[in-house]
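Chain and residue survey
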Amino acid sequence: MKLAVVGATGMVGTVMLKLLEERNFPVTQFFPVASEKSVGNEIVFKGKPHTIVSLDAAVAAAPDIAIFSAGGETSLEWAPKFAAVGTTVIDNSSAWRMDSTKKLIVPEINAHLLTKEDKIIANPNCSTIQMVMVLAPLHKKYRMKRVVVSTYQSVSGTGLKAVHQLENEIQGIKGEMAYPYPIHKNALPHCDVFEANGYTKEEMKLAREPQKILDDRSFSVTATAVRIPTAGGHSEAVNVEFLKDFELGEVRSILHEVPGITVQDNPDTNTYPMPMYAYDKDDVFVGRIRRDETQPNSLNMWIVSDNLRKGAATNAIQIAEYLVANSLV
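Below: a short report on this structure.

The rules behind these values
- Residues numbered from 1 in each chain as written.
- Predicted model: local features only at pLDDT ≥ 70, side-chain atom pairs only at ≥ 80, totals over all residues.
- Heavy atoms only, no water.
- Axes fitted to C-alpha atoms, helices over the stretch in contact; angles between N-to-C directions.
- Helix = DSSP H or I, 4+ residues; strand = E, 2+ residues; numbered from the N terminus.
- Parallel < 35°, antiparallel > 145°, perpendicular 65-115°, else oblique.
- Contact = heavy atoms within 4.5 Å.
- Nonpolar A, V, L, I, M, F, W, Y, C, P; charged D, E, K, R; others polar.
- Salt bridge = Lys/Arg side-chain N within 4 Å of Asp/Glu carboxyl O.
- Buried < 20%, exposed > 50% of the residue type's maximum accessible area, 1.4 Å probe, protein only.
- Core = buried A, V, L, I, M, F, W, Y, C linked by side-chain atoms within 4.5 Å.

**Considerations on the packing of helix H5 (residues 126-142) against helix H10 (residues 309-325)**
- Two numbers describe how H5 lies on H10: the axes approach to 8 Å, and their chain directions differ by 85°. Between H5 and H10, the crossing angle belongs to the class labelled roughly perpendicular. Residues Cys126, Ile129 and Met133 of H5 pack against Lys310, Gly311 and Asn315 of H10.
- For the contact of H5 with H10, the per-class residue count stands at three nonpolar, two polar and one charged.

**Some thoughts on the pattern of salt bridges**
- Per the stated rule, a full pass over the model turns up 20 salt bridges.
- Residue Arg97 is joined to Glu209 by a salt bridge in which the shortest nitrogen-to-oxygen separation is 3.4 Å. Separated by 112 residues along the polypeptide, Arg97 in the loop between strand S6 (88-91) and strand S7 (103-104) and Glu209 in helix H7 (residues 201-213) bring together distant segments of the chain. In terms of burial, Arg97 and Glu209 fall into one category: buried.
- In this structure, the salt-bridge partner of Asp215 is Arg217, at a minimum N-O distance of 3.9 Å.

**Thoughts on unusual backbone geometry**
- Unusually for a residue other than glycine, Asn24 sits at a positive phi of about 55°.
- Tracing the sequence through the fold places Asn24 in the loop between helix H1 (11-22) and strand S2 (29-33).
- Overall, Asn24 belongs to the exposed group, its relative accessible area being 58%.
- Even without glycine at this site, Lys185 takes up a positive phi of about 60°.
- When you line up the elements, Lys185 lands in the loop between helix H6 (160-170) and H7.

**Brief notes about the nonpolar core**
- By size, the foremost hydrophobic cluster in this structure holds 56 residues, and its most contacted members are Phe82, Val134, Leu138, Val238, Leu255, Val286 and Met301.
- With nine residues, H5 is the single largest residue contributor to this core.
- Beyond its immediate stretch of four places on either side in the chain, Val134 contacts Leu255, Ile261, Val284, Val286, Met301 and Ile303.

Next up, the structure:
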């Protein structure tokens, strides 16, 4: 198994290497890929030093799988070059997600759609993944009509520059800014760039990606995405209107049975999901499960997940594991 990780030194790439080790992913040859300035440097993977190589060198090696987390422009240019030499690309950027010829995969939901012919596979947006993990089993039972989601997203979702901005502001240090305003002691209703309709790209990803993952355009999603000064973990307040009514006990029971979901929902003991509990874990946590008393067949939930793990690295590696387990590479 020849594996390349493109963006191996970035925030998500670093978590990917950690998880590949933790999950004992079968690797016989490993090719870490990073920017030109990093080529020739060494990183340690599975206790051994590995030299960072260029994209050209990685393509020439024709790895079985290449996991990308190096931004959309890199993916658009280089994923087809890897695919052309027979490599299966799992891409963590937004480049291919809404391409009708590419599959958008959350393994617990739709990995069964993958075939040997899928040479570029898209990893969904981090906020989308945690939301659809919870919504998918409920949609199957009650059929969603409309979803309203407000996200509270950590600075790690923006990248290292944003993490450094928050750290600098906490310490009172003036430094490079990832955001147009301070993030410490603040909340920015501004994740990604604004589009012509007044929504940000992040909000439109939340609107469009769930329909593709669930292969269903009968429900709609509207979103407001907010950046908050937490170091890691994304949180979401999700309101769902269903076509069928539900019992809260049954909702909790359904979610309890889903692999990869942990229900934390006991107001009597102040038990509910928080980013500090989700940190460095692969599960999606859901709580504050309650009926919306203003609207029939409607439910409120609070969903939290580590955006660098299940929201990015874990989901990508689970796709790779599925490919290997089902002899698709």
